[in-house]
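The primary structure of each chain is shown beneath.
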Amino acid sequence: MAADQRPKADTLARRQRLISSSCRLFFPEDPVKIVRAQGQYMYDEQGAEYIDCINNVAHVGHCHPLVVQAAHEQNQVLNTNSRYLHDTIVDYAQRLSETLPEQLCVFYFLNSGSEANDLALRLARHYTGHQDVVVLDHAYHGHLSSLIDISPYKFRNLDGQKEWVHVVCTAQLTTGRCLSPSPDNMALSLLTGTSPRHLPGPLPGGPPQPSYGLCQRGETSGQQCTGEGQEDCSLLCRVSAQCGRADHSPCWLLLPSGRLQGKDFVPDIVTMGKSIGNGHPVACVATTQPVARAFEATGVEYFNTFGGSPVSCAVGLAVLNVLEKEQLQAHATSVGSFLMELLGQQKIKHPIVGDVRGVGLFIGVDLIKDEATRTPATEEAAYLVSRSLRDSEWSGGMEGNRSQVQPALSSHDTLGVLFQFSEEMDMEEKVRSCETLRLQP
């Protein structure tokens, strides 16, 4: 195949002619042409090796041989829709149920995180009878119209915020301060328990920016919401287009008081996408019997042509087998803890590091211009990522002023990557101001 590869410039020219500019490239000033990948490594057309620290989809490693083998073997036998009785879909549902709280025992299979989140929204609205949704600021839930409406990351550049969408400022939850010019105080009160209509909600002090949604179930009498009193609370949906990573055991909810977390609280709906198939198009919605029964009572069938196909479920089972066989959750916890410690040291040394947070190998670093105003250091973050790519040959992620590290859970070289990142952070004078950045060659 290498002999048939066209020059990078030719590929770029064809892409610019044939593919919409809305479909953006990483590092658009000098795109990286990737021709193959294995494990945590990616290779360009010149053979240069990169450690992939952003492609969180292939989280047991690119082209994992057991996952590839499972897809190939099942493809040779049968790949059809879920209206036929077949073992793989029930085997996969059973394996997933063993990783979740027992109340989450009904499963729907789909092709993408966007499809899963759209279905979760339908389930929640059928069950609650309400339209309103509470989401975190900057959240992205998928590309369908229903999800753009509840994704601040997208709707602020389109039609704006709908009146039934309530956005919680993430900084307000973690620091008590909100940089938004018009914070949604009602949304915050719903999440933190200061409203008669008390809703439980997540604290984004773990992963860099997980995405959650809440659909209101109805009035309460003002009591605290606990695991025993869920009937009077709102429906909590763990919804994210990027869900499915297994960096850590499920930790569903953390209120500022720390009351509800882990086994003490169970969400009503969990969506999984992207990573559960290690790149194969498979996604899942897990929910409770009451929520599923309410949806079934409408009499409307839910059918997804290749959601839950034999090949998709065989791939999903293979990913779970790899996670267990290679003990990747424990590995992510061990490596991730070291990375957090290392980055924490950089936060102490450098005022530009506003915050470091993460779980397992899903880690984010906020860069700020000023500690008092916490103005995002967007250009400085872009500079660090692009310089690291050029000098250290690693592919990291950046969104605004947040630099993200989301490598494969099997990655052994991530420590070296973060040491390199730390060396970049040590050049504080070069990242202190945008004016300085513009002087760089």
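This write-up is about the structure you can find in this document. Here the structure is a predicted model, which means the values were calculated and not measured.

**Considerations on the environment of Gln5**
- Looking at where Gln5 falls in the secondary structure, it is placed in the segment before α1 (8-18).
- The class of Gln5 is partly exposed, set by a relative accessible area of 35%.
- Sequence-wise, Gln5 and Glu45 are 40 residues apart; in three dimensions their C-alpha atoms are separated by 8.1 Å.
- Contact partners of Gln5, with chain neighbours within four places excluded, come to Val35 and Glu45.

**Structural notes on the nonpolar core**
- Ranked by internal contacts, the top residues of the largest apolar core, which has 43 residues, are Tyr92, Leu96, Phe107, Met272 and Leu367.
- If one sorts the elements of this core by residue count, helix α10 (residues 310-325) sits on top with nine residues.
- Tyr108, Ala120, Val291 and Phe295 belong to the second largest nonpolar core, which has 14 residues in total.

**Looking at the packing of helix α4 (residues 113-128) against helix α9 (residues 289-296)**
- One way to put it is that α4 packs onto α9 with a least axis distance of 9 Å and a crossing angle of 85°. Between α4 and α9, the interaxial angle falls into the category roughly perpendicular. Where α4 approaches α9, its residues Leu119, Arg122, Leu123, His126 and Tyr127 are matched on the opposing element by Pro290, Val291, Ala294 and Phe295.

**Digging into helix α3 (residues 87-97)**
- Listed in full, the buried residues belonging to α3 are Thr88, Tyr92, Ala93, Arg95 and Leu96. All buried residues of α3 lie within an arc of 165° about the axis, which places them on one face of the element.
- In this structure, the buried side of α3 is in contact with α2 (65-75), β4 (106-110), β9 (269-272), β10 (283-287) and α10.

**Focus on the packing of aromatic side chains**
- The tally for this structure, following the rule as stated, stands at five aromatic pairs.
- Judged by centre distance (6.1 Å) and plane angle (50°), the rings of Phe26 and Phe27 are tilted.
- Overall, Phe26 belongs to the exposed group, its relative accessible area being 56%.
- Accessibility expressed as a relative area gives 17% for Phe27, which makes it buried.
- For the pair Tyr140 and Tyr153, a centre-to-centre distance of 5.9 Å together with 65° between the ring planes defines the contact as edge-to-face. In this pair, Tyr140 sits in the loop between β5 (133-136) and α5 (145-148) while Tyr153 sits in helix α6 (residues 152-155), placing the two residues 13 residues apart along the sequence.
- Using a relative accessible area of 24% as the deciding quantity, one classes Tyr140 as partly exposed.
- Members of the aromatic cluster, joined through ring pairs, are Tyr108, Phe295 and Tyr302.
- Residue placement shows Arg36 over the ring face of Tyr43; its charged tip is 4.0 Å from the ring centre.
- Its end group placed over the ring of Trp164, Arg125 keeps NZ or CZ at 4.7 Å from the ring centre.

**Some points on the packing of α2 against α10**
- Two numbers describe how α2 lies on α10: the axes approach to 8 Å, and their chain directions differ by 155°. Classified by the angle their axes make, α2 and α10 are roughly antiparallel. You can see that α2 and α10 cross each other, and the crossing is right-handed. Mapping the contact onto sequence places Leu66, Val67, Ala70, Ala71, Gln74 and Asn75 in α2 and Pro310, Val311, Ala314, Val315, Ala318, Val319, Val322 and Lys325 in α10.

**Notes on the pairing of strand β2 (residues 41-44)**
- Relative to β2, strand β1 (residues 34-38) runs antiparallel, the two being bridged by four bridges. Pairing of Ile34 across the sheet is with Asp44, part of β2.
- Turn length for the β2-strand β3 (residues 49-52) hairpin, with the two strands adjacent in sequence and antiparallel, is four residues, and the turn residue Gly47 shows positive phi of about 90°.

**A short note on the pattern of salt bridges**
- Within this structure, the stated rule accounts for eleven salt bridges.
- A salt bridge links Arg156 to Asp137; the nearest nitrogen and oxygen atoms lie 2.4 Å apart. With Arg156 in the loop between α6 and β6 (165-168) and Asp137 in the loop between β5 and α5, this pair connects stretches of sequence that are 19 residues apart.
- According to the relative accessible area criterion, Arg156 is partly exposed, its value standing at 44%.
- Here Asp137 falls in the buried class, since its relative accessible area comes to 7%.

**Here we look at the side chain of Glu380**
- Mapping Glu380 onto the fold places it in helix α12 (residues 378-392).
- Residue class for Glu380 comes out buried when judged on its relative accessible area of 0%.
- Polar side-chain contacts of Glu380 include one of 3.1 Å to the side chain of Lys369.

**A few points about the environment of Gln289**
- Of note, Gln289 is situated in helix α9.
- Spatially, the C-alpha atoms of Gln289 and Asp268 are 9.4 Å apart, while their sequence positions differ by 21 residues.
- If near-sequence neighbours (up to four positions away) are discounted, Gln289 is found in contact with Gln103, Cys105 and Val106.

Quick notes on the rules
The numbering scheme is per chain: residues are counted from 1 as the chain's sequence reads. Given that this is a predicted model, residues contribute local features only at a pLDDT of at least 70 and side-chain atom pairs are listed and counted only at 80 or more, while totals for whole chains, interfaces and linings are drawn from all residues. Values reported for side chains reflect all heavy atoms of the structure, with hydrogen atoms and water molecules removed beforehand. Per the convention used, a helix needs a DSSP run of H or I reaching at least four residues, while a strand needs a run of E reaching at least two, with both numbered from the N terminus. Throughout, exposure labels follow a simple rule: accessible area from a 1.4 Å probe, protein chains only, divided by the maximum for the residue type, with under 20% read as buried, over 50% as exposed, and the rest as partly exposed. Two residues form a contact once any of their heavy atoms are found within 4.5 Å. Nine residue types can take part in a nonpolar core, namely buried Ala, Val, Leu, Ile, Met, Phe, Trp, Tyr and Cys, and a core is a set of them joined through side-chain atoms within 4.5 Å. The angle between two axes is taken between their N-to-C directions and runs from 0 to 180 degrees, where each axis is a line fitted to C-alpha atoms and a helix contributes only its stretch in contact. By the definition adopted for this analysis, an angle is roughly parallel if under 35 degrees, roughly antiparallel if over 145, roughly perpendicular if from 65 to 115, and oblique otherwise. The arc in question is the one traced by the directions running from the helix axis out to the C-beta atoms. Between rings of Phe, Tyr and Trp, where Trp is taken as its six-membered ring, a pair exists when centres lie within 6.5 Å; planes separated by under 30 degrees are stacked, by over 60 edge-to-face, and by other angles tilted. Counted as over-ring charges are cases with an Arg CZ or a Lys NZ within 6 Å of the ring centre that also lie within 35 degrees of the ring normal. When the near helix sits turned anticlockwise from the far one by under a right angle, the crossing is termed left-handed; a clockwise turn instead gives a right-handed crossing. A pair of strands counts as paired when DSSP detects no fewer than two bridges linking them. Here, a salt bridge means any Lys or Arg side-chain nitrogen found within 4 Å of an Asp or Glu carboxyl oxygen. For this analysis, a polar contact is any N or O atom pair within 3.5 Å, provided that within protein one partner can donate a hydrogen and the other can accept it, and provided that sequence-adjacent residues contribute only side-chain to side-chain pairs.

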